[in-house]
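Each chain, written out:
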Amino acid sequence: MKVEEILKRSFLLPFLFAVLIVFFPFIFSNYYVGLVIQIFIMAIFAMSLDILVGHTGLPSMGHAAYYGVAGYAAGFLFLAGVKNFWLAIVLGMGLGGLAAAFFGLLALRARGPYFMLITLALSQVLWGIAFKWRSLTRGDDGLPGIGRPEIGLGMNLKPDLYFYYFTFALFLIAFAALFILLNSPFGYTLRGIRESESRMEALGYPVWLYKYTGFIFAGIFAGISGVLWVYYSGFVNPSYFGIDLSVKALLMLILGGSGSLFGPFIGAGIVVLLENLVSGLTERWSLVLGIVYVTVIMLFSEGIFSVFKRGRN
Amino acid sequence: MAFWIIQTLNGLSFSMMLFLVAAGFTLIFGLMKIINIAHGSFYLLSAYIGLTVLRATDNFLLATIVSSVAVILVGIAMQSLFLRRFYMKELQQVLLTFGFVLIIADLCLWIWGGNPMALPKPSLLRGSIWIGNVVFPSYRLFVILVGVVIAVGLWIFQEKTKFGAIVRAGVDDEEMLRGSGINIQMVFVGVFGLGALLAGIGGMIGGPFVGVFPGVDVSMLLLALVVVIIGGVGSLKGAFVGSLFVGLVDNFGKALFPELSLFTLFAPMAIILAIRPTGIFGKIEE
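These numbers come from a predicted model, not from an experiment. (Residues numbered from 1 in each chain as written. Chains lettered and ligands numbered in written order. Predicted model: local features only at pLDDT ≥ 70, side-chain atom pairs only at ≥ 80, totals over all residues.)

A. Focus on the overall build of chain A. A count of helical and extended segments in chain A gives 14 helices and zero strands. Secondary structure elements of chain A occur, N-terminal to C-terminal, as α-α-α-α-α-α-α-α-α-α-α-α-α-α. Taking 2.2 N^0.38 as the reference for a compact globule, 313 residues should give roughly 20 Å; the C-alpha atoms of chain A span a radius of gyration of 19 Å, in line with that estimate. Dimensions along the principal axes, computed over C-alpha positions, put chain A at roughly 50 × 45 × 45 Å. The proportion of buried residues among the 313 residues of chain A is 48%. Considering only intrachain contacts with a sequence separation of at least 6, the fraction spanning at least 24 residues in chain A is 76%. (Helix = DSSP H or I, 4+ residues; strand = E, 2+ residues; numbered from the N terminus. Rg over C-alpha atoms; globule rule 2.2 N^0.38 Å. Buried ≥ 20, exposed ≤ 12 C-beta atoms within 10 Å, placed from the backbone. Contact = placed C-beta atoms within 7 Å.)

B. Local environment of the overall build of chain B. Scanning chain B from N- to C-terminus turns up eleven helices and two strands. Helices and strands in chain B line up, N terminus first, as α-α-α-α-β-β-α-α-α-α-α-α-α. Taken over C-alpha atoms, the radius of gyration comes to 19 Å for chain B, in line with the 19 Å a tight globule of 286 residues would show. Here the C-alpha coordinates of chain B stretch approximately 60 × 45 × 35 Å along the principal axes. By residue count, 52% of the 286 residues in chain B fall in the buried class. Contacts in chain B between residues at least 24 apart in sequence constitute 75% of all its contacts with a sequence separation of at least 6.

C. Representation of the nonpolar core. Grouped together as the largest cluster of nonpolar side chains are 195 residues, with contacts concentrated most on I118(A), L95(B) and V226(B). The element contributing the most residues to this core is helix α1 (residues 2-32) of chain B, with 16 residues. What L95(B) contacts, discounting residues up to four positions off in sequence, is V247(A), L250(A), L251(A), I254(A), Y293(A) and I297(A). (Core = buried A, V, L, I, M, F, W, Y, C linked by C-beta atoms within 7 Å.)

D. Quick peek at the interface of chain B and chain A. Residue-level contacts link 36 residues of chain B with 37 residues of chain A. Put simply, the parts of the chain that give the side of chain B that touches chain A at least two residues each are α4 (90-112), α9 (216-231) and α11 (261-275) of chain B. Top element by residues in the side of chain B that touches chain A is α4(B). It accounts for 15 residues. Tallied by class, the residues present in the side of chain B that touches chain A amount to 29 nonpolar, three polar and four charged. (Nonpolar A, V, L, I, M, F, W, Y, C, P; charged D, E, K, R; others polar.)

E. Looking closely at the packing of helix α13 (residues 285-300) of chain A against α4(B). The geometry of α13(A) relative to α4(B) is characterised by a closest axis approach of 7 Å and an angle of 155° between their N-to-C directions. Overall, the two elements α13(A) and α4(B) adopt an arrangement that is roughly antiparallel. Crossing of α13(A) against α4(B): the hand is left-handed. When α13(A) is examined against α4(B), the residues S286(A), L287(A), L289(A), G290(A), I291(A), Y293(A), V294(A) and I297(A) are found in contact with a partner set consisting of Q92(B), L95(B), L96(B), F98(B), G99(B), F100(B), L102(B), I103(B), A105(B), D106(B) and L107(B). (Axes fitted to C-alpha atoms, helices over the stretch in contact; angles between N-to-C directions. Parallel < 35°, antiparallel > 145°, perpendicular 65-115°, else oblique. Left-handed = near helix turned anticlockwise from the far one by under 90°.)

F. Summary view of the environment of T167(A). Residues and elements named next belong to chain A. In this structure, T167 sits in helix α7 (residues 160-182). With 24 C-beta atoms packed within 10 Å, T167 lands in the buried category. Every residue in contact with T167, bar those within four places of it in the chain, is listed here: I37, F40, I41 and L228.

G. Spotlight on unusual backbone geometry. Residues and elements named next belong to chain B. A positive phi angle is found at D58, which is not glycine, with a value near 55°. You can see D58 is positioned in the loop between α2 (39-57) and α3 (60-82). Residue M88 is not a glycine yet carries a positive backbone phi of 65°. Relative to the elements of secondary structure, M88 occurs in the loop between α3 and α4.

H. Here's a closer look at the confidence of the model for chain B. Across chain B, the average pLDDT comes to 89, with 98% of residues at or above 70. As a predicted assembly, this complex carries a pTM of 0.88 together with an ipTM value of 0.86. (pLDDT = per-residue confidence, 0-100.)

I. Local environment of the pairing of strand β2 (residues 134-137) of chain B. All names here are of chain B. Judged from the four bridges that link them, strand β1 (residues 128-131) and β2 form a sheet pairing that is antiparallel. The residue bridging I129 from the neighbouring strand is F136, located in β2. A loop of two residues connects β1 with β2, the two strands running antiparallel in sequence, and G132 in this loop sits at a positive phi of about 60°. (Pairing = 2+ DSSP bridges.)

J. Seen up close, helix α5 (residues 112-132) of chain A. An ideal rise of 1.5 Å per residue puts 30 Å on 21 residues; α5(A) measures up with 30 Å between its terminal C-alpha atoms. With 20 of 21 residues buried, α5(A) lies mostly within the body of the structure. (Expected span 1.5 Å × (residues − 1).)

And the structure:
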């Protein structure tokens, strides 16, 4: 294939995609606009997890921890009367990163299945604290009544339509930031570690420090998604820390294919649409989703788009 | 004084129930490196099935046998029909077992409803016992006894029987074990069934005092995780010591600082992870 052709192709798709996103609310009803908001937020979450899973080869099972920390931070802030979005997002990202900095110290000493076990346990402990510390978090009932934030700029986020474009803008910023990060020498080093830790060690890279930094970045970006979801849904409860969410993000990566930035987005799209479709159809949606999980793994455990990936390599 | 004795005995009985659940988890993880998210689901399923049999017959032994057979069959099916294909593929295993969590939890919700329920105690053990000047329910003492007996049984099984030796060899070097002509798939299925059985018995003996309700599956998983992280993954001794620790700390934590009870568990776990990432009895990896 000629160079121009490749360029044309690789520009055409994102361009068409952007046009579709911009005009989407004019074609589809509010319900679908809401779904796409969910997809953007979940895509940020899945992309942040992919820093660890796809790029560094660290199968984290507790990624909801950083999402939840940021979510609760934004919730508390709003209920305390602070409605400024920029403050909330900085705080959410900061706390997400801080939680990751702490958990990373404990988890990164282990490998493989042990790493998974520890990340799962650490996130579950946060779930337990949110569940039990009723005087602060109101336990399982959670904190309702969180409205849309103020962003200045003369824009009002209360209608879903505006929130949709705002979320899309943040998704693009997060996407671009991750693109730069993962295509920098830092990103290449992470993938080097994924392929062979001992070789990178021998080459003189401070492997632990790279993994630790990647871990913190993953927490920071997960924080963005947690804050956005709180403002979208209007409440925060212990399910923000739930094992369901951490595992769901892994499913997105498996479905969309990890190690690229578009994969997590596609995976998020499939999972969000599927969840909403199934929960609209039957009261037993949890059962159906469980069957979906099992079926997906049995049939497409290498990712639905793994065929393309193989072709590319 | 009475407070301390009662709370200690409560803690010990909770510990022993927890040991059964955690021992199953640690056996499966130690041999196959499977993080069985659905481990708590065996507790849930077993307790509900036991409840139904108890309501029909009021025979605790019969209920235990029926629910045990049921969870063993479910466990064996999970391993031999599904997990077997994804040996050492951790992400796939996690997603599969999580799918089972959703399926089993929703089926149980469908059949038994969402209200918390407690299993009736065995009729012989409904009374109380005087210990010095403290009254204590005899069922709780029975639970401690069951836990100790099963712990000893597991120890004998692992150290003195041929199957136990095969399992230990598999934990240490699974490839060599294959090489020596052992049918490892059968061993895997056997251990998975045993792990499910242990969690199932945990559900039966925990049913009368912990109860059974939607969400208990994930709580049990969390507690088992903390136990094996503290005690060391793959080690029965670790599961025993970790359970004693977690059961007692959890019980005193709940009694003394009810809101922060999980934090009293978390702090020791974090300290152990920081000092000795493989847990107290875990093997240090290279």
